[in-house]
Amino acid sequence: MTTITDPTARTIVAVSERLVLTQPQDSDLEAMFAIHGDPETNRYNPDGPQREIAEAREMLDGFVADWVRDGVGYCAVATREEPGVAIGFAGLYLHTLDGEPVFNLYYRFRPSAWGRGYAAEAARAAMAEALPRFPGIPVIALIHADNLPSRRLAGRLGLVADPDGRTDEEDRLIHRMV
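Quick summary incoming for the structure in this document. (Residues numbered from 1 in each chain as written. Predicted model: local features only at pLDDT ≥ 70, side-chain atom pairs only at ≥ 80, totals over all residues. Heavy atoms only, no water.)

## Side note on the pattern of salt bridges
Moving on, step 1. Going through the model one piece at a time under the given rule, you end up with 13 salt bridges.
Moving on, step 2. The partner of Arg10 in a salt bridge is Asp28, and the shortest N-O contact between them spans 2.6 Å. Here Arg10 is found in the loop between strand S1 (2–3) and strand S2 (11–15), whereas its partner Asp28 is found in the loop between strand S3 (19–22) and helix H1 (29–36), with 18 residues between them in sequence.
Moving on, step 3. Overall, the relative accessible area of 16% leaves Arg10 in the buried class.
Moving on, step 4. Close ionic contact of Asp168 with Arg172 constitutes a salt bridge, the shortest N to O distance being 2.5 Å.
Moving on, step 5. Classification of Asp168 as buried rests on a relative accessible area of 7%. (Salt bridge = Lys/Arg side-chain N within 4 Å of Asp/Glu carboxyl O. Helix = DSSP H or I, 4+ residues; strand = E, 2+ residues; numbered from the N terminus. Buried < 20%, exposed > 50% of the residue type's maximum accessible area, 1.4 Å probe, protein only.)

## Quick look at the nonpolar core
Moving on, step 1. Within the largest apolar cluster, 34 residues are counted, with the highest numbers of intra-cluster contacts made by Leu21, Val77, Phe103, Leu105, Tyr107, Phe109 and Leu157.
Moving on, step 2. Looking at this core, the element that brings in the most residues is helix H3 (residues 118–130), giving nine residues.
Moving on, step 3. Formed by twelve residues, the second largest nonpolar core is a distinct cluster that contains Met32, Ala76, Ala86 and Phe89. (Core = buried A, V, L, I, M, F, W, Y, C linked by side-chain atoms within 4.5 Å.)

What follows is the structure, encoded as C-alpha cells:
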C-alpha cells in the first residue's frame, strides 16, 4: 500500500490497469449516498436503497473504521483517468462467519460503470493486495440467490456457492473461493 504525502490526497490501496482503489474518506460521502441510495444498485437488496445521507455517513464511518482497526477494508474505486471521482466501492472486509475469520468480498458501482468489467478488476486488485498480508483467510461473498449478475461475477472470480445451499442470517447464499 502506498501512502501519498499530500494531506489532501488519498491513500492508495491498489492500482490496476484502469482503476485506482483508495481508502475511503470523508469526501466520499456524496458518492457513497449516490451509489447506495440508487434504487437500481439496490435491486437485490431487501432493505432497499439508503433514504437519507445519514445512512451513507454511518456506512462510510464503518468503512473508515475497518481500515483503522484491521488495516484492510472496502475501498473507494475510481478510474485512472478521473482518480477523484468514485465510480464504486469494492474490497475485502475482515469479519467472522460461523466462528471462522473470513474476508467478505464486496462490490457496488454506479450503473453508468456497469458492463465494463470494473467490479471484477477492482475485486482482483483488492484481493491481490490483501490476501498476501493475511494468508489463510478465505474469501467469501454473501449474495442473494436471485442476484444472478453478482453470482456470475463471483463465479468468474473463483467463488462458488455452498454445495449444501448454506446461507447467512440474512438468507444470502455463501459463496467461497475455491
